[in-house]
Amino acid sequence: MAPYPKISIVTATFNQASFIEETILSVLDQQYPNLEYIIIDGGSNDGTVDIIKKYEHCLAYWISEKDAGLYDALNKGFQKATGEIMSWLNSDDILHRRSLSTVASILMDFPMIEWLGGVPSQIDEKGRSIWVGVETPWNKYRYLNLDYKYIQQEGIFWRRSLWEKSGGYISTEYELASDLELWSRFFTY
């Protein structure tokens, strides 16, 4: 069997003490053997840093310092990332069980796939699934013809080669839609 490709996940956070531990555990509990988990904290003062420190032995890198917002923090994290497969997970989102091994398996078995997304879902404060979305498969033609509502960011994974072809950054120009801008660049390739 081929070795597991390295997956780099970046989590940007700021004052998310009530959520960050569950996010961290959803990544670490995957027990994926070639994980590079990076957390960029924007200088939290609510206990977030104490929670991050609790898991720092499992992290490839983390820092807590003022930044210029979510997309600036993500860029800092991705500049440290070295994985063949990349993603980000917001500090109030979680990965479902076996997500990383499933992503790795798909991308190893289908080298023509450059990025993929899972099915969006929502959970309540007790961890129960309360909604699972049904999505029509995406393709660049639908997207470029504005035939979409949104592409849910959590659960999106891509190959480093696509990231590099697309400029290797997340735009900091938009307050809330830089993921959409990144997907637009991805779709051009």
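One can find the structure itself at the top, above this paragraph.
Residues numbered from 1 in each chain as written. Predicted model: local features only at pLDDT ≥ 70, side-chain atom pairs only at ≥ 80, totals over all residues. Heavy atoms only, no water.

### Details of the overall build of the protein
Rules: Helix and strand definitions follow DSSP, with helices as H or I runs of at least four residues and strands as E runs of at least two, each counted in order from the N terminus. In this treatment the radius of gyration is a C-alpha quantity, and the globule benchmark scales as 2.2 Å times the residue count to the 0.38 power. Relative accessibility thresholds used throughout: buried, under 20% of the residue-type maximum; exposed, over 50%; partly exposed, between the two (1.4 Å probe, protein chains only). By the convention used here, residues are in contact when the closest approach between their heavy atoms is within 4.5 Å. Areas reported as accessible are Shrake-Rupley estimates using a 1.4 Å probe. Residue values count occlusion only from the protein chains shown.
Of the regular secondary structure elements, the protein holds seven helices and eight strands. Computed over C-alpha atoms, the radius of gyration of the protein comes to 16 Å, within 12% of the 16 Å expected from 2.2 N^0.38 for 189 residues, which places it in the range of a compact globule. The principal-axis extent of the C-alpha atoms belonging to the protein is close to 45 × 40 × 35 Å. For the protein, buried positions account for 43% of its 189 residues. For the protein, the share of sequence-separated contacts (at least 6 apart) that also reach a separation of at least 24 residues comes to 70%. Accessible surface, the protein as shown: approximately 10600 Å² in total, 51% of it carbon and sulfur.

### Section: the pattern of salt bridges
Operational definition: Salt bridges, as used here, are contacts in which a Lys or Arg side-chain nitrogen is within 4 Å of a carboxyl oxygen on Asp or Glu.
The full count for this structure, using the stated rule, is six salt bridges. As a salt-bridge pair, Arg 159 and Glu 84 come within 3.8 Å of each other at their nearest N and O atoms. On the criterion of sequence distance, the pair formed by Arg 159 in strand β8 (residues 156–159) and Glu 84 in the loop between α3 (70–80) and β4 (85–88) is long-range, its members being 75 residues apart. With a relative accessible area of 11%, Arg 159 lands in the buried category.

### Quick notes on the packing of aromatic side chains
Put simply, the rule reads: Pairing of aromatic rings covers Phe, Tyr and Trp, the last counted by its six-membered ring, and requires centre-to-centre distances within 6.5 Å; plane angles under 30 degrees mean stacked, over 60 mean edge-to-face, and any other angle means tilted.
Throughout the structure, instances matching the rule amount to 13 aromatic pairs. With a centroid separation of 5.7 Å and 55° between ring planes, the pair formed by Phe 78 and Trp 158 is classed as tilted. Residue Phe 78 is located in helix α3, and its partner Trp 158 is located in strand β8; the two are separated by 80 residues in the primary sequence. Summarising the burial analysis for this pair, Phe 78 and Trp 158 share the class buried. Considering the side-chain rings of Trp 115 and Phe 186, the 5.2 Å spacing of their centres and the 75° angle between planes classify their relative orientation as edge-to-face. Pair noted here: Trp 115 is in strand β5 (residues 115–117) and Phe 186 is in helix α7 (residues 178–188), with a separation of 71 residues, a long-range link. Take Phe 186: its relative accessible area is 1%, and that puts it in the buried class. Linked through ring pairs, Phe 78, Trp 88, Trp 115, Trp 158, Trp 163, Trp 183, Phe 186 and Phe 187 together constitute an aromatic cluster.

### Focus on unusual backbone geometry
Phi at Asn 15 is positive, roughly 50°, even though this residue is not glycine. Structurally, Asn 15 is set in the loop between β1 (7–13) and α1 (20–28). In this structure, Arg 98 is a non-glycine residue whose phi angle is positive, near 65°. Relative to the helices and strands, Arg 98 is located in the loop between β4 and α4 (99–109).

### Digging into the sheet that holds β8
Within a beta sheet, neighbouring strands are joined by backbone hydrogen bonds and run either parallel or antiparallel to one another. Inclusion rule: Paired strands are those between which DSSP finds at least two bridges. Where helices are involved, their axes are fitted lines through C-alpha atoms of the stretch in contact, as for all axes, and angles between N-to-C directions lie from 0 to 180°.
Strand order in the open sheet formed by six strands is β3-β2-β1-β4-β8-β5, and the pairing between neighbours is mixed. The outermost strands of the open sheet, each flanked by one partner alone, are β3 (61–64) and β5. The mean angle between the axes of side-by-side strands here comes to 15°, regardless of whether they run parallel or antiparallel. Where β4 meets β8, two bridges bridge the pair, whose relative direction is antiparallel. Counted as the bridge partner of Met 86 is Trp 158 from β8. In this fold α1 packs onto β1 and β2 (35–41), with an angle of close to 165° to the strand it touches most, β2.

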